[in-house]
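In case you want the letters, here they are:
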Amino acid sequence: MELKILIILHTLGATVWIGGHLILTATFLPRAWKSGDHKIITVFEESFERIGIPSLLVQVITGLRMATIYVPFSDWFDFSDALSRLVSFKIILLVCTIALAVHARFFIIPKLDDTKIPLLGSHIIAVTVISLLFLVTGLSFRLGIL
């Protein structure tokens, strides 16, 4: 029963996180690039962070718990079987997401102006691609895609 609840919560968090990033990447980022106005992105992100960050935290907490259910912690980076490879790949994606978030928060956003739209845009696109890779990897646990 615990695993079912974790999967539901994890999926709800992923829906919000991935959906928000797809909207940001497909609609707000192109508008900001076209107009040269970084505020288009920051206004969206200020609103999205209210539900996006809690959704990400739910995914991290439930994801780490599910990882320990599927694969013992000591085998996370073993890569000897499909489950340990999937868990390891998700952990690597998480580290990449955190690295991009830290870089954006401390090095891009404090100095954000209209000239930084391409740099911020590259981060947004990278996080969106990573989010989609998270999705495909997560589905692989059930569907055996990878």
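Just above, that's the structure.
None of these values were measured; they are calculated from a predicted model. (Residues numbered from 1 in each chain as written. Predicted model: local features only at pLDDT ≥ 70, side-chain atom pairs only at ≥ 80, totals over all residues. Heavy atoms only, no water.)

Novice: Just give me the short version of the environment of Ile41, but keep the residues and values in it.
Specialist: Mapped onto the elements of the fold, Ile41 is located in helix α2 (residues 39-70). The exposure class assigned to Ile41 is buried, which follows from its relative accessible area of 0%. Once the C-alpha coordinates of Ile41 and Leu29 are considered, the two residues, 12 residues apart in sequence, prove to be 6.4 Å apart. The contact partners of Ile41, leaving out residues within four places of it in the chain, are Leu24, Phe28, Leu29, Ala32, Ile117, Leu120 and Ile124. (Helix = DSSP H or I, 4+ residues; strand = E, 2+ residues; numbered from the N terminus. Buried < 20%, exposed > 50% of the residue type's maximum accessible area, 1.4 Å probe, protein only. Contact = heavy atoms within 4.5 Å.)

Novice: Which residues make up helix α3 (residues 82-108), and what are the values?
Specialist: The end-to-end C-alpha distance of α3 is 37 Å, a good match for the 39 Å that 27 residues give at a rise of 1.5 Å each. Those residues of α3 that fall on the buried side of the exposure criterion are Ser84, Leu86, Val87, Ser88, Lys90, Ile91, Leu93, Leu94, Thr97, Leu100, Ala104 and Ile108. Along its buried surface, α3 packs onto α1 (2-35), α2 and α4 (117-143). Between the side-chain oxygen of the N-cap and the backbone nitrogen of Leu83 there are 3.0 Å, and the N-cap of α3 in question is Asp81. (Expected span 1.5 Å × (residues − 1). Polar contact = N/O pair within 3.5 Å; in protein donor to acceptor, adjacent residues only side chain to side chain.)

Novice: Got a sec to walk through the packing of aromatic side chains? Specific residues and values, please.
Specialist: Applying the stated criterion across every chain yields a total of six aromatic pairs. An angle of 40 degrees between the planes, with centres 6.1 Å apart, marks the rings of Trp17 and Phe48 as tilted. Taken together, the residues Trp17 in helix α1 and Phe48 in helix α2 connect sequence positions 31 residues apart. Take Trp17: its relative accessible area is 9%, and that puts it in the buried class. Overall, Phe48 belongs to the buried group, its relative accessible area being 11%. Relative to Phe44, the ring of Phe28 lies with its centre 4.6 Å away and its plane at 35 degrees, an arrangement referred to as tilted. With Phe28 in helix α1 and Phe44 in helix α2, this pair connects stretches of sequence that are 16 residues apart. Accessibility expressed as a relative area gives 13% for Phe44, which makes it buried. (Phe/Tyr/Trp six-rings, centres within 6.5 Å; stacked < 30°, edge-to-face > 60°.)

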